[in-house]
Amino acid sequence: MAFNPHHSQYHQTQQHHHDPQISAWFMAVDQDRSGRINAFELQSALMSSNGRRFSDATCRLMIGMFDNGAGSIDINGFAQLYTYVNQWVNTFKRFDANGSGFIDQFELGQALKTMGYNFSPVFADVIVKKFGRIGPGGLAADEFILTCILIYNLTASFRQKDPHFQGVITVNYEDFLNMCLSTLALTT
């Protein structure tokens, strides 16, 4: 089974005794020695499958998932984020069937299907073209993570309007825009 954000424990805020390696990495990433890491600091530490740093949008989104509204994370949030990112990277590697370092539209379709989404191959191709920044027609690891989180969040907004899981909703234009913008606001 693929990693799925709604099955994750990423919203827990318990104190943990941290692996010394995680603590050392946190201290190395905390460039201003504030005891907190922001998206810029996180981006400087994360490399994607394409050899480039994770995108600004992906780092902001992930910090926002663990920051309790502060715009930065402490060691506890960092430890949770570390686990979360590793789960996503392992999922990425599992579906990168050809080992190219990119998820193509076919691999993305398989990954999303395993996560419970039933999208057409045409839609998977649109996602790859929209979110893939570089590479041979595929998503790097950070783009895959961003895409999956956005799909999950948009689906959650949709399901609020579709309590009986019919797959069809009726919304006015403003409600539609609110659904989209509230999800996209996580990346800005």
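It should be noted that the structure appears before, not after, this text.
My aim in this report is to walk through the structure given alongside it, one point at a time. Treat the numbers as computed from the prediction; the structure is a model and nothing was measured. (Residues numbered from 1 in each chain as written. Predicted model: local features only at pLDDT ≥ 70, side-chain atom pairs only at ≥ 80, totals over all residues. Heavy atoms only, no water.)

1. Here we look at the overall build of the protein
Then, in step 1: When helices and strands are tallied, the protein shows 8 helices and 2 strands.
Then, in step 2: What you see in the protein, going N to C, is helices and strands ordered as α-β-α-α-β-α-α-α-α-α.
Then, in step 3: Scored against the burial criterion, the 188 residues of the protein give a buried share of 43%.
Then, in step 4: Considering only residue pairs separated by 6 or more positions, the protein has 58% of its internal contacts joining residues 24 or more positions apart.
Then, in step 5: Put simply, the protein shows about 10400 Å² of open surface, and 55% of that area lies on carbon and sulfur atoms. (Helix = DSSP H or I, 4+ residues; strand = E, 2+ residues; numbered from the N terminus. Buried < 20%, exposed > 50% of the residue type's maximum accessible area, 1.4 Å probe, protein only. Contact = heavy atoms within 4.5 Å. Areas by Shrake-Rupley, 256 points an atom, 1.4 Å probe, with all protein chains shown as cover.)

2. A few points about the pattern of salt bridges
Then, in step 1: In this structure the tally under the stated criterion is 1 salt bridge.
Then, in step 2: Residue K129 is joined to D125 by a salt bridge in which the shortest nitrogen-to-oxygen separation is 2.9 Å. One end of the pair, K129, and the other, D125, are both in helix α6 (residues 121-131), 4 residues apart, so they sit about a helical turn from each other.
Then, in step 3: What makes D125 partly exposed here is its relative accessible area of 22%. (Salt bridge = Lys/Arg side-chain N within 4 Å of Asp/Glu carboxyl O.)

3. Some thoughts on the packing of helix α5 (residues 105-114) against α6
Then, in step 1: As a packed pair, α5 and α6 sit with axes 8 Å apart at the nearest point and diverge in direction by 115 degrees. If you check the angle between α5 and α6, you find them roughly perpendicular. Seen from above, α5 lies across α6 with right-handed handedness. Here Q105, L108, G109 and L112 of α5 come into contact with α6, specifically with A124, D125, I127 and V128.
Then, in step 2: Looking at the contact of α5 with α6, its residues break down into 5 nonpolar, 2 polar and 1 charged. (Axes fitted to C-alpha atoms, helices over the stretch in contact; angles between N-to-C directions. Parallel < 35°, antiparallel > 145°, perpendicular 65-115°, else oblique. Left-handed = near helix turned anticlockwise from the far one by under 90°. Nonpolar A, V, L, I, M, F, W, Y, C, P; charged D, E, K, R; others polar.)

4. A few points about the nonpolar core
Then, in step 1: In this structure, L42, L108 and F144 are the most contacted members of the largest nonpolar core, which totals 44 residues.
Then, in step 2: For this core, the secondary structure elements donating two or more residues are α1 (20-29), α2 (39-45), α3 (56-66), α4 (75-95), α5, α6 and α7 (141-161).
Then, in step 3: Setting aside its immediate chain neighbours within four residues, F144 contacts W88, T91, F92, I103, L108, A111, M115 and L139. (Core = buried A, V, L, I, M, F, W, Y, C linked by side-chain atoms within 4.5 Å.)

5. Some points on the packing of aromatic side chains
Then, in step 1: Scanning the entire structure with this criterion turns up 10 aromatic pairs.
Then, in step 2: Ring geometry for Y173 and F176: centres 6.5 Å apart, planes at 25 degrees, overall stacked. With Y173 and F176 both in helix α8 (residues 173-184), this residue pair falls 3 residues apart, about one helical turn.
Then, in step 3: Residue class for Y173 comes out exposed when judged on its relative accessible area of 62%. (Phe/Tyr/Trp six-rings, centres within 6.5 Å; stacked < 30°, edge-to-face > 60°.)

6. Some points on the packing of α1 against α4
Then, in step 1: Put simply, α1 and α4 touch, their axes get as near as 10 Å, and they point 110 degrees apart. The angle between α1 and α4 falls in the class roughly perpendicular. Taken as a pair, α1 and α4 cross one another with a handedness that is right-handed. Between α1 and α4, the contacting residues are I22, S23, W25 and F26 on the first element and I75, F78, A79 and Y82 on the second.
Then, in step 2: Its residues assigned to classes, the contact of α1 with α4 shows 7 nonpolar, 1 polar and no charged.

7. A look at α3
Quick reminder: α-helices carry 3.6 residues per turn. Residues three or four places apart thus point the same way.
Then, in step 1: For α3, a buried count of 8 out of 11 residues is recorded, marking the element as mostly surrounded by other parts of the structure.
Then, in step 2: All of the buried residues along α3 are A57, T58, C59, L61, M62, I63, M65 and F66.
Then, in step 3: Elements that come into contact with the buried residues of α3 comprise β1 (37-38), α2, β2 (72-73), α4 and α7.

8. Some points on the environment of I151
Then, in step 1: Within the secondary structure, I151 sits in helix α7.
Then, in step 2: In this structure the C-alpha to C-alpha distance between I151 and L112, which are 39 residues apart in sequence, comes to 9.4 Å.
Then, in step 3: Beyond its immediate chain neighbours, meaning those up to four positions away, I151 contacts L112, Y117, F119 and I127.

None of this, on its own, says anything about what the molecule does.
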